Amino acid sequence: FLIYAIQVISRLRYRENMDILTVHSGFSLWGSVGRSTKLVSGCPVVHVQYCPIGQPSGNQILDTLQRPWFSRRYLKDTDELVGISQNVSESLEQVTGEKAATILPAVNTEKYTPRQGEKSTGPMITYLGSLKEQKGLDLLIDAFDQIQESHDCQLRLGLEVRSERAENSLVKGIRESPNIE
């Protein structure tokens with residue numbers, strides 16, 4: 001994959017005058033694509049990281065390749081490091097020794113608002129994602145339980161469950177709560 005990616009990106013750099021490569025990933029391993037492309041084509045690279053470096057993925061091989069020693073090498077010579085949260089940026093800085101910008105995911109609240117005429121009984125919190133420990137869903141549910149004590153609110157979950165054994169205690173808690181769908 002790495003060789004193919006370098007070939008395609010280099011072709012885009014030279015034939016299509018691509019100015020910059022932005023690598024978006026939950027894992028620093030994909031920084032190797034950016035670094036290799038930069039070495040071959042000279043294309044500037046921005047690496048956008050979604051998960052803190054060293055956070056367990058549940059895959060032993062991937063976790064080994066995500067260790068700080070490897071991550072430092074994957075991200076070496078990256079022109080810009082970006083984390084999508086302060087926590088992720090700090091992990092990038094700690095591992096690379098370079099400054100990382102924090103750019104939070106954004107929602108245009110002027111465009112995405114409740115539909116006119118629909119009444120809400122209270123705030124609704126929605127989570128779409130996988131049921132993995134690293135996503136912090138347990139923290140969201142704990143926070144929701146605390147908020148719910150003083151506010152009328154709902155939590156809606158759209159979950160990708162890859163295994164029946166996945167987070168059994170978490171699934172049990174979700175099923176038992178009347179305000180979590």
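What counts as what
- Residues numbered from 1 in each chain as written.
- Predicted model: local features only at pLDDT ≥ 70, side-chain atom pairs only at ≥ 80, totals over all residues.
- Heavy atoms only, no water.
- Axes fitted to C-alpha atoms, helices over the stretch in contact; angles between N-to-C directions.
- Helix = DSSP H or I, 4+ residues; strand = E, 2+ residues; numbered from the N terminus.
- Parallel < 35°, antiparallel > 145°, perpendicular 65-115°, else oblique.
- Left-handed = near helix turned anticlockwise from the far one by under 90°.
- Contact = heavy atoms within 4.5 Å.
- Nonpolar A, V, L, I, M, F, W, Y, C, P; charged D, E, K, R; others polar.
- Salt bridge = Lys/Arg side-chain N within 4 Å of Asp/Glu carboxyl O.
- Buried < 20%, exposed > 50% of the residue type's maximum accessible area, 1.4 Å probe, protein only.

A separate point is the packing of helix H1 (residues 2–15) against helix H2 (residues 31–41). Closest axis-to-axis distance for the H1/H2 pair is 9 Å, and the angle between their directions is 50°. Taken as axis vectors, H1 and H2 run oblique relative to one another. Handedness of the H1/H2 crossing: right-handed. Residues Leu2, Ala5, Ile6, Ile9, Ser10, Arg13 and Tyr14 of H1 form the contact with H2, whose own contacting residues are Ser32, Val33, Ser36, Thr37, Val40 and Ser41. In the contact of H1 with H2, the residues fall into seven nonpolar, five polar and one charged.

So, on to the pattern of salt bridges. On inspection of all chains with the given rule, the structure shows three salt bridges. Notably, a salt bridge pairs Arg35 with Asp77, separated by 3.7 Å at the nearest N-O pair. With Arg35 in helix H2 and Asp77 in the loop between helix H4 (68–74) and strand S3 (80–83), this residue pair connects regions lying 42 residues apart in the sequence. The partly exposed category is assigned to Asp77, whose relative accessible area is 40%. The partner of Asp79 in a salt bridge is Lys38, and the shortest N-O contact between them spans 2.9 Å. Of this pair, Asp79 sits in the loop between H4 and S3 while Lys38 sits in helix H2, placing them 41 residues apart in sequence.

Just distances and angles here, no functional claims.
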